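Residue-level listing of the chains:
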Amino acid sequence: MSDAKGRKEELDKELSDNENIKNNGEVTLEENDHNHRIYLLSVIGEIEGHECLSSNTKTTKYEHVLPKLAEIEDADNIDGVMLLLNTVGGDIESGLAIAEMVASLSKPTVSLVLGGSHSIGVPLAVSTDYSFIVPTGTMVIHPVRMNGMVIGAPPTYDYFKQMQNRIIGFIASHCDAKEDRLEKLMMNTTMLTKDLGTILVGEDAVKEGIIREVGGMKEALQKLHALIGNKNKEK
């Protein structure tokens, strides 16, 4: 009877994990030699903010991510967080909110940029304790943009500038790149593939001091296990 109950619990957990992956791109990694429980959180597609995007657009909803991050912080059985990024950017306020919350976690955190981490995805990539990018991963750094009607008045431009300064300030405070260099990358006009901004591929992001290291899942998990181990030693 106990074997049947144990098997049922395993199946229930597997179903729950599959549902989390399907709905939110989330799963808990715990089958490892370190006995560490790692929460895998993915930011995929466009970061959806206060307005709902079309149903055929792949999105990460910030109202789902924020409560999950709070739950992770409060959970004694979660040792660290792995943040997987493949995003085109999206809502600025929502992206910054997620980045600020990741940066405030007391658990060790590592990010891994896969296909790309563009626009507001850059603050997300640097919000963790350590960051990786795969060799073919890209990061697009560009000025603040807005769709729809914009009133061409000085207060509007002041607002754009203020928002851009917030983004630059956050990035610079969580990586080795300086604010003036980040602004120069944002305002670059020499790349024909972009009207304004800079595309960084793999090692370029590391050379600019934005991302710490080029690597993949193996390197990212090794680093996270090391950070968790160091924190446990400090207790």
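Overview of the structure. Bear in mind the structure is a predicted one, so any value in this text is a computation, not a measurement. (Residues numbered from 1 in each chain as written. Predicted model: local features only at pLDDT ≥ 70, side-chain atom pairs only at ≥ 80, totals over all residues. Heavy atoms only, no water.)

One way to put it is that helix α2 (residues 62-74) packs onto helix α3 (residues 92-103) with a least axis distance of 10 Å and a crossing angle of 10°. In terms of orientation, α2 lies roughly parallel with respect to α3. On α3, the residues that touch Tyr62, Val65, Leu66, Leu69 and Ala70 of α2 are Ser94, Ala97, Ile98, Met101 and Val102. Split by residue class, the contact of α2 with α3 holds nine nonpolar, one polar and no charged. (Axes fitted to C-alpha atoms, helices over the stretch in contact; angles between N-to-C directions. Helix = DSSP H or I, 4+ residues; strand = E, 2+ residues; numbered from the N terminus. Parallel < 35°, antiparallel > 145°, perpendicular 65-115°, else oblique. Contact = heavy atoms within 4.5 Å. Nonpolar A, V, L, I, M, F, W, Y, C, P; charged D, E, K, R; others polar.)

Another point: the environment of glutamate 71. As for its position among the elements, glutamate 71 is in helix α2. Within the structure, the side chain of glutamate 71 is placed 2.9 Å from the side chain of lysine 68, a separation counted as a polar contact. (Polar contact = N/O pair within 3.5 Å; in protein donor to acceptor, adjacent residues only side chain to side chain.)

Turning our attention to unusual backbone geometry. Even without a glycine there, the phi angle at serine 119 is positive, about 55°. The topology assignment puts serine 119 in the loop between β5 (109-117) and α4 (121-126).

The subject of this paragraph is the pattern of salt bridges. With the rule as written, the count across this model stands at four salt bridges. A salt bridge links arginine 181 to glutamate 208; the nearest nitrogen and oxygen atoms lie 2.7 Å apart. Here glutamate 208 lies in the loop between α7 (203-207) and β9 (213-214) and arginine 181 lies in helix α6 (residues 179-186), a separation of 27 residues in the sequence. (Salt bridge = Lys/Arg side-chain N within 4 Å of Asp/Glu carboxyl O.)

What follows covers α6. At 3.6 residues per turn, the α-helix brings residues three or four places apart onto the same side. Residues of α6 that are buried include every one of Leu182, Leu185 and Met186, and no others. Summarising the axial view, the buried residues of α6 lie within an arc of 100°, below the 170-degree limit, and thus occupy one face. Exposed residues on α6 whose side chains face more than 90 degrees from its buried face are Asp180 and Lys184. (Buried < 20%, exposed > 50% of the residue type's maximum accessible area, 1.4 Å probe, protein only. Arc of directions from axis to C-beta.)

Geometry of an aromatic ring pair is reported as the spacing of the ring centres plus the angle between the planes. Inspection of the entire model under this criterion finds one aromatic pair. Look at tyrosine 130 and phenylalanine 132: their rings are 5.2 Å apart centre to centre, the planes differ by 55°, and that puts the pair in the tilted class. The pair tyrosine 130 / phenylalanine 132 is uniform in exposure class, with both members buried. The lysine or arginine in question, lysine 223, covers the ring of tyrosine 130, its NZ or CZ lying 4.4 Å from the ring centre. (Phe/Tyr/Trp six-rings, centres within 6.5 Å; stacked < 30°, edge-to-face > 60°. Lys NZ or Arg CZ within 6 Å of the ring centre and 35° of its normal.)

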